[in-house]
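# An overview of the molecular structure
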Amino acid sequence: MLGLLGLLLWIGCLICFIIVLIKMFQTAGVLHGILGLICGLYAFIWGWMNATKLNIRNIMMIWTLLIILSIIVNALAGNFSYYYGTPGTTP
C-alpha cells in the first residue's frame, strides 16, 4: 500500500516538474529548458529562484512537499533498500 502511495507522490512530482519545465522554456529559453530537462535538480533550483517573479510559488511549495513526502513514504515502504550478497537471497 505504501508503494502505491509512493508512486502517486512521484506522479505528482512529475507533474510539477513538467509545469516548471514549461515555464522555463517560455521565459529562460531553449538552453535553460534543455538543461532543466537533463537535470531535474537544476529545474527545481531555477523554479525556486524565479518562483515569485513567475507566480509559481504555490507549485514550488507543492513540489517540495511532494518530494519530502515521497522520500519518507518510500523509506517506510522499503523501496530504498538494496541487499548485498548473492542474487536471489534476502537476509
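Below you will find a few notes about this structure.

## Details of the nonpolar core
Within the largest apolar cluster, 17 residues are counted, with the highest numbers of intra-cluster contacts made by Val20, Ile56, Met60 and Trp63. For this core, the secondary-structure elements that each account for two or more residues are α1 (2-27), α3 (40-49), α4 (51-54) and α5 (57-77). Of the residues forming this core, the biggest block, seven residues, is contributed by α1.

## Topic: α5
Compared with the 30 Å implied by 1.5 Å per residue over 21 residues, the 30 Å span of α5 between its first and last C-alpha is a close match. Contacts from the buried residues of α5 go to α1, α3 and α4. Positioned one or two residues after α5, Gly78 has a phi angle of 85 degrees, which is positive.

## Focus: the packing of α1 against helix α2 (residues 30-38)
To describe two helices that pack against each other, one gives the angle between their axes and the distance between the axes. In contact at an axis separation of 8 Å, α1 and α2 are set at 160 degrees when each is read in the N-to-C sense. One element, α1, and the other, α2, form an angle in the roughly antiparallel class. Here Phe17, Leu21, Met24 and Phe25 of α1 lie close against α2, whose contacting residues are Val30, His32, Gly33, Ile34, Gly36 and Leu37.

## Some thoughts on the packing of aromatic side chains
For the structure on display, the rule yields two aromatic pairs. Centroid distance Phe17 to Trp63: 6.0 Å. Interplanar angle 55 degrees. Geometry classified as tilted. Pair noted here: Phe17 is in helix α1 and Trp63 is in helix α5, with a separation of 46 residues, a long-range link. Across the pair, exposure class does not vary: Phe17 and Trp63 are buried alike.

Reading guide: rules and limits
- Residues numbered from 1 in each chain as written.
- Predicted model: local features only at pLDDT ≥ 70, side-chain atom pairs only at ≥ 80, totals over all residues.
- Heavy atoms only, no water.
- Core = buried A, V, L, I, M, F, W, Y, C linked by side-chain atoms within 4.5 Å.
- Buried < 20%, exposed > 50% of the residue type's maximum accessible area, 1.4 Å probe, protein only.
- Helix = DSSP H or I, 4+ residues; strand = E, 2+ residues; numbered from the N terminus.
- Expected span 1.5 Å × (residues − 1).
- Contact = heavy atoms within 4.5 Å.
- Axes fitted to C-alpha atoms, helices over the stretch in contact; angles between N-to-C directions.
- Parallel < 35°, antiparallel > 145°, perpendicular 65-115°, else oblique.
- Phe/Tyr/Trp six-rings, centres within 6.5 Å; stacked < 30°, edge-to-face > 60°.

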